[in-house]
Amino acid sequence: MQRSFIANNPSVLWFLLCLAAFTLGVTVLAEATGAGLISTSFVKTLGKVLCLCLVAIAMDVVWGYCGILSLGHFAFFGIGGYAVGMWLMYARTEAIVVENLSARLIPPTPAEVNDAIATQIFGVVGSSEFPLIWAFADSLLLQLLLVVLVPGFLALIFGWLAFRSRVTGVYLSILTQAMTLALALYLFQNDSGLRGNNGLSGLQNIPGFEAVPQSVVSMAFFWASAVALGAGYVLFARVLSGKMGSVIRAIRDDESRVRFLGYHVESYKLFVFTLTAIVAGIAGALYYPQAGIINPAEIAPIASIYLAVWVAIGGRGRLYGAVIGTAFVSLLSSWFTGGSAPNVNLGFYTIQWTEWWLVLLGLSFVAVTLFFPGGIGMLFDKFTRKSQ
Amino acid sequence: MIRLLTFVLAALCLPLTAHAQDLQALLQTHEKIIAKPSRKNVTPVLDALVGSGLPQVPEFLQNWQDKEVYQRAADGLFFYADKTGKTYTLKDVSGGTEVATEVSASDIKQIKPNGGVRKVIAQYLVQFQLSDPDINRRTDALNAISRNLSADQIEPLRASIDGESDATLKLRKQRLANYLMARFGESSADRVAAIEAIAGDLSVEGRAVLSQILETRVAASQALPDGENIARQLEVGEDLSRTEAYTLLVETSGLPATISDNEIRLALESYVDGGRVAGIPIAQLDTLDARAKAYDALAASDVVPARVTQEDIDAALADWGIYEIYLDQDDAVTAAAKEAQSAVNTRVGLNQAADLGLDAISLASIYFLAAVGLAITFGVMGVINMAHGEFIMMGAYTGYVVQQFITNYTLSLVVALPLAFAVTFAAGVLMERTVIRWLYNRPLETLLATFGISIALQQLAKNIFGTQARPLTSPGWLDGAWVINDVVQISYIRIAIFVLALLFLGLLLFILKKTRLGLEVRAVTQNPRMAASMGINPDKIKMMTFGLGSGIAGIAGVAIGLFAKVTSEMGSDYIVQSFMTVVVGGVGNVWGTLAGAAMIGTFQKGVEWLNPSNTLAAQTYMILFIILFIQFRPKGIIALKGRAAGD
Amino acid sequence: MSALLELSGVSVSFDGFKAINNLAFQINEPELRAIIGPNGAGKTTFMDIVTGKTKPDEGRVLWGEKSINLIGRSESHIARAGIGRKFQKPTVFEEQTVRENLAMALKNPRGPFEVLFYRKTQNGSDRIEAIAEQTNLTEQLTRKAGELSHGQKQWLEIGMLLAQEPRLLLVDEPAAGMTPAEREKTTEILVEAAKTRAVVVVEHDMEFVRRLNCKVTVLHEGSVLAEGSLDHVTQNPEVIDVYLGR
């Protein structure tokens, strides 16, 4: 069956080959594993971009294919990050605390260890007790489960409420944006149990691997991100192929007609919304250990809108379009805002790209929407006609 | 020597002038202290001065306080002095007649009481100032009394009431005298009467007086405390926790203190002996039970105090009662005060509700102003303008720029409002012509394109005006607040915004219902194709509508800028709330927007009231509420029905 | 023999306007029925009520042998129960091929997971071929639906309806915008379909209705004005009044 699926979707194969080639290339050139032409920090950047690509294809499925312009998928991404970040922070703080307490004459009691960890983690928000949501923070396995379950459940409940009351189009977009804002505002509070606007930090240090240099850790995460992106791509391509894809695209084009064909549209939307939310959560769980820090600002509605921008520039309704758009815009963005782009001297005024990049991005986004609704991905359509 | 002589002379004169004493002579009896007063010793002198009843005393006290009293080195006499050029003219303390001219600075010494002393002098001055002809002085004096209520002010205050010419001030004096009576009155009946008068009072001062009378201390005792005015007995577990209760017993009644887990650990650490504590290997001491056992072993050999066990604590708590005892001994008074307090609290509660209502209205007006432009464009064109927030920002910056050129704040506001409208109207029309026009029937893409514009505009504003907040100053007549009573008040700016919102509500209703433009707009909203076939140019209507919606955003920007800081990000603070307002209210209807704004404003204020420390939580709950609300009314409060709804 | 679909006492109003007023209607299986009536007679609202899009204020809509009340059920549920609907404007999924359109409509389990793990079967593609044959679309199977002519789109939509294998077909103005030849073919398809199931055709075009040669129901102001053969109803003075005005 898998053979026929790949055979029917050559673009999936092409994508996997490109991804493999890219991963191999980076590995060969990287500091830890090869020639050292690519710095560790750039490996991290590339790894993060791969994670963003993963959440972007999820966004593309939900928006480009199913027609739900969700402005909340970056929130699911952030939840995934928080879920894994809780374990990272807990385990690392535990190691430090145990180390510190071992200097005492008398061995610490479990309660003392626990209190010390809590004080260490929540001291910044004036608390020294573990909130309820940290109940599983000491277990990697359970937290990894939460990476999937929390976004999934949230998407399921929100989606069920929204879809059953037939909220569609821009209404739905605004509602998802409101959900994202509510979540971000909640997390901004000091008593949210997730350290308010301090967020979770030190996530790049992987407990148990303290001795391993960051160059190696970042390489491992890079590979993991590449594998996750490949797997996500195949998963979504599979979902979107055949009759399921047909129904999903039909819902995008004419929802009520699909209903009169006897399909329970809400279930399909809920399925797509939840599945993509879960993938977004996984992408976030891989992203934030590479970023090292997560705070509520990451979840703010604007982030989800940027996600839509990447997908639109890449070309929606094409999975590879989402990948191209995300990689292109996010790398370009870090080049411009990183100050490496040369300033343009107009004689009377010098354009500093750190200041003008967002203006350029905003306007080019308008231009893409107006003149190239197919985005960059449109350029590749000739080659992949069959897969559509 | 001379000083001594004068002193003797003065002392000699004393019996002669006892009934009509000379101020200078009186001063001389306290010469040392007056020349070098300190907080400690100045009080008896002041008592003597005031007690003398001399008419010149207030003036002297005033000058003393103002550092305008000088002492002549030669004879130690006190004078007032005027500086003319480099020399001084000395004037007598009683009467002000010139005594000597062209006195050099080296011959006299200025008396400079320190701040503490001046404060004490001020207290004594108050009673004179209460009848001062200058109303400001009198007001100051009253303020001074109310800051620091004390028993000895009752008499002077009461004495000044009859002579008070100003009605407001007279009322205030009466109230203040009443407060003083309530706290320091001589008989129980006097005080109760005074307290009952306070029950009808809402002022912060009145409430403070009541709570001062009702001040309590907490005491522990084994029997019911005798001869004390007991407020209530505290229940352990309800009013205070076990730990708190026992700690109190430790502090007040000398019971042995509990030994904390940490203290146990420290104690054990200091008795480690060859890797063992009391014979137990330290490696085993990693549970609280094991530690307790080791500690008890130590306690048994009397090297550490014994632990207080839970049973000990239970026994102690059973044995001791913990009471709240009024500091005021008079139970009739405290009972009256308690009753008065509950009456006042009820009224304060009602007034707070009214205040909350005003707050909610003003928040609703802001949301209305911010959202109504959006509602119009959304309703008429089905276009979500994500750059709406940036139009608000643009309006606010227009106001800021205008103030750079026109320094008269009132005038600048008069210019800024229409200018902001014009600027954002133009921006809206430009955006409609260049972008939105091409995206009709593709609402999601409009949303994204306008979002692109929003990013660009925000960054552009940052590049032009910088990241720091810019002030938009309101004219003086908008400063301050309309104070209804001590609880209910509302700032004039918020009233102005409310009026502005009403004005726009009226204006929009007028435009939509009474003008040709409004008729055409409504036609296009309800059936664009039909409208077009009747000769209405939908393009033009859409352009005008979009301009109108954007223009109102500009005006809202000026209004919001008056009470919030103008930053490039101010738009994004309002955009989601504006969307919510439109969605909740129902699309394409000014009344709907009003209802939505009212509901969201009330809800947000309501949640803030329930949880005042946390406005972030209020917003979170509000959004959750809206998501649930949409479940029941997906089309908003005021929904179009049937075919017009377009489904 | 009990009716397949029976409406009784159905009323619905929008903002005070009574779109349907105490409507009674029934149809048997198999039967071909045409509904005519002037604008605003409530023809489309009638279809909306039957298919679950609009909830009536009062009345009953009973379906099938067990007389299940359809009011309050979702559109998809009603569609699965066996009522197919064709809209006035052809609504096919233009981005997808004719085959994909038909495959989607094919009577099969409709749940997301069943669809996700759906395997193509020989039986399914035979059905698609047969329907394409029936609707003159065999040549167009691999083309995108958006590329079809107006008439072909109408046929595709009818084809999708047939693929659903409904027991009742509601067809709204199928002949609008068709060439005479296309009308001919459409009539043929509908008459053929009505041999095995109930078909309700809403139409303005009297010529088309005449060609269907079936019982006609005349709607006016939300209730049935007359019922019978076309000749019978066209001689009814009330009907003439309504159509020609007083």
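This structure is a prediction, so every number in the text was calculated from the model and none was measured. (Residues numbered from 1 in each chain as written. Chains lettered and ligands numbered in written order. Predicted model: local features only at pLDDT ≥ 70, side-chain atom pairs only at ≥ 80, totals over all residues. Heavy atoms only, no water.)

Caption draft 1: Geometry of the sheet that holds strand S6 (residues 216–221) of chain B. All names here are of chain B. On the basis of which strands lie adjacent, the open sheet formed by 3 strands has the order S6-S10-S7 and antiparallel pairing. Edge positions in the sheet fall to S6 and strand S7 (230–234), since each of these pairs with one other strand and no more. In this sheet, neighbouring strand axes are inclined to one another by 30° on average, regardless of whether the strands run parallel or antiparallel. As defined by bridge partners, S6 adjoins strand S10 (residues 321–326) across 6 bridges and the pair is classed as antiparallel. Each residue of the ladder has a partner; that of threonine 216, found in S10, is tyrosine 326. (Pairing = 2+ DSSP bridges. Helix = DSSP H or I, 4+ residues; strand = E, 2+ residues; numbered from the N terminus. Axes fitted to C-alpha atoms, helices over the stretch in contact; angles between N-to-C directions.)

Caption draft 2: A look at the sheet that holds strand S5 (residues 108–110) of chain B. Residue and element names in this part refer to chain B. What the 5 strands build is an open sheet, ordered S4-S3-S2-S1-S5; its pairing is antiparallel. Sheet topology places strand S4 (98–104) and S5 at the edges, where each strand pairs with a single neighbour. Averaged over all neighbouring strand pairs, the angle between strand axes comes to 40°, with direction disregarded. Bridge analysis of strand S2 (residues 78–84) against strand S3 (residues 87–92) gives 6 bridges, and the strand direction is antiparallel. Paired with threonine 84 across the strands is threonine 87, a residue of S3.

Caption draft 3: The arrangement of the confidence of the model for chain C in detail. In this model, chain C carries a mean pLDDT of 85, and residues with pLDDT of at least 70 account for 98%. For this predicted complex, the interface confidence reaches an ipTM of 0.87, while the overall pTM sits at 0.82. (pLDDT = per-residue confidence, 0-100.)

Caption draft 4: View of the pattern of salt bridges. Residue and element names in this part refer to chain B. What the rule picks out here adds up to 39 salt bridges over all chains. Measuring nitrogen to oxygen at the nearest pair gives 2.5 Å for the salt bridge that ties aspartate 328 to arginine 191. With aspartate 328 in the loop between S10 and helix H16 (331–381) and arginine 191 in helix H10 (residues 188–198), this pair connects stretches of sequence that are 137 residues apart. Exposure remark for arginine 191: the relative accessible area of 7% places this residue in the buried category. (Salt bridge = Lys/Arg side-chain N within 4 Å of Asp/Glu carboxyl O. Buried < 20%, exposed > 50% of the residue type's maximum accessible area, 1.4 Å probe, protein only.)

Caption draft 5: Local environment of the domain arrangement of chain B. For chain B, the assigned domains read domain 1 (2–128), domain 2 (130–215), domain 3 (259–307) and domain 4 (351–646). A C-alpha centroid distance of 68 Å is found between domain 1 of chain B and domain 4 of chain B. (Domains from an automatic or database assignment.)

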